[in-house]
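As a plain string of letters, each chain reads:
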Amino acid sequence: MWVTTYYVVDENHLTIRFGPFKKIVPLDTIKSVRKTTNPISSPALSLKRLEIVYGYYNSILISPIHRDEFIEILSKRCKNIEIIA
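All values reported here derive from a predicted model rather than from experimental measurement.

Attention now moves to the pattern of salt bridges. This structure, assessed with the given rule, holds three salt bridges. Between Lys35 and Asp68 there is a salt bridge, with its nearest N and O atoms 2.6 Å apart. With Lys35 in strand β4 (residues 30–36) and Asp68 in helix α1 (residues 67–77), the pair connects residues that are 33 residues apart, well separated along the chain. Linking Lys76 and Glu72 is a salt bridge whose minimum nitrogen-to-oxygen distance equals 3.3 Å. Linking Lys76 with Glu72, this pair stays in helix α1, spanning four residues, or about one helical turn.

This part covers the packing of aromatic side chains. If you walk through the whole model with that rule in mind, you get two aromatic pairs. Ring centres of Tyr7 and Phe70 lie 6.3 Å apart, and the angle between their planes is 75 degrees; this geometry places the pair in the edge-to-face category. One end of the pair, Tyr7, is in strand β1 (residues 5–9); the other, Phe70, is in helix α1, and 63 residues separate them in sequence. Using a relative accessible area of 17% as the deciding quantity, one classes Tyr7 as buried.

Alignment of β1 against strand β2 (residues 13–18), held across five bridges, turns out to be antiparallel. Its bridge partner being in β2, Val9 is matched across the sheet by Leu14.

This paragraph deals with the nonpolar core. Within the largest apolar cluster, 19 residues are counted, with the highest numbers of intra-cluster contacts made by Leu14, Ile30, Ile52, Phe70 and Leu74. Mapped onto this core, the elements with two or more residues apiece are β1, β2, β4, β5 (49–54), β6 (58–62) and α1. What Ile52 contacts, discounting residues up to four positions off in sequence, is Leu14, Ile30, Ser32, Val33, Asn58, Ser59, Ile60, Ile62, Phe70 and Leu74.

Glancing now at the sheet that holds β2. The strand order across the open sheet formed by three strands is β1-β2-β3, and the pairing between neighbours is antiparallel. Every other strand in the sheet has two partners, leaving β1 and β3 (21–26) as the edge strands with one partner each. For this sheet, the mean angle separating the axes of adjacent strands, direction not counted, is 10 degrees. One ladder, built from six bridges, connects β2 with β3; its direction is antiparallel. Across the sheet, Phe18 pairs through a bridge with Phe21, a residue of β3. Sitting on the sheet, α1 is in contact with β1 and β2, with an inclination near 35 degrees to β1.

This brings us to the sheet that holds strand β7 (residues 82–84). Judged by pairing direction, the sheet is mixed, and its four strands sit side by side in the order β6-β5-β4-β7 without closing on themselves. Only two strands of the sheet have a single partner each, and these edge strands are β6 and β7. Going across the sheet, the axis of each strand differs from the next one's by a mean of 20 degrees, ignoring polarity. Pairing geometry for β5 and β6, over five bridges, is antiparallel. When the bridges of β6 are listed, Tyr54 appears paired with Asn58. Across the sheet, α1 touches β4, β5, β6 and β7, and the angle it forms with β4 is around 170 degrees.

Definitions and cut-offs
- Residues numbered from 1 in each chain as written.
- Predicted model: local features only at pLDDT ≥ 70, side-chain atom pairs only at ≥ 80, totals over all residues.
- Heavy atoms only, no water.
- Salt bridge = Lys/Arg side-chain N within 4 Å of Asp/Glu carboxyl O.
- Helix = DSSP H or I, 4+ residues; strand = E, 2+ residues; numbered from the N terminus.
- Phe/Tyr/Trp six-rings, centres within 6.5 Å; stacked < 30°, edge-to-face > 60°.
- Buried < 20%, exposed > 50% of the residue type's maximum accessible area, 1.4 Å probe, protein only.
- Pairing = 2+ DSSP bridges.
- Core = buried A, V, L, I, M, F, W, Y, C linked by side-chain atoms within 4.5 Å.
- Contact = heavy atoms within 4.5 Å.
- Axes fitted to C-alpha atoms, helices over the stretch in contact; angles between N-to-C directions.

Next comes the structure, spelled out in structure tokens:
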């Protein structure tokens, strides 16, 4: 329970679960996503990460196993997302 980390994209939200914590990001607030290897502390278990920028000045780093597939899912569900190479 304490070391569980996963990410779920549903119709309206990205849910990020890391240990006993949970963050919910509305999909309509996501502005951009990009691949990164930023080592800053985050709910990511690998350095192969995605930086998701949402809201006004918020961002979060996650590390889904299949980054490209995760980006594709976000691009289909988020209206105005920018994919940064």
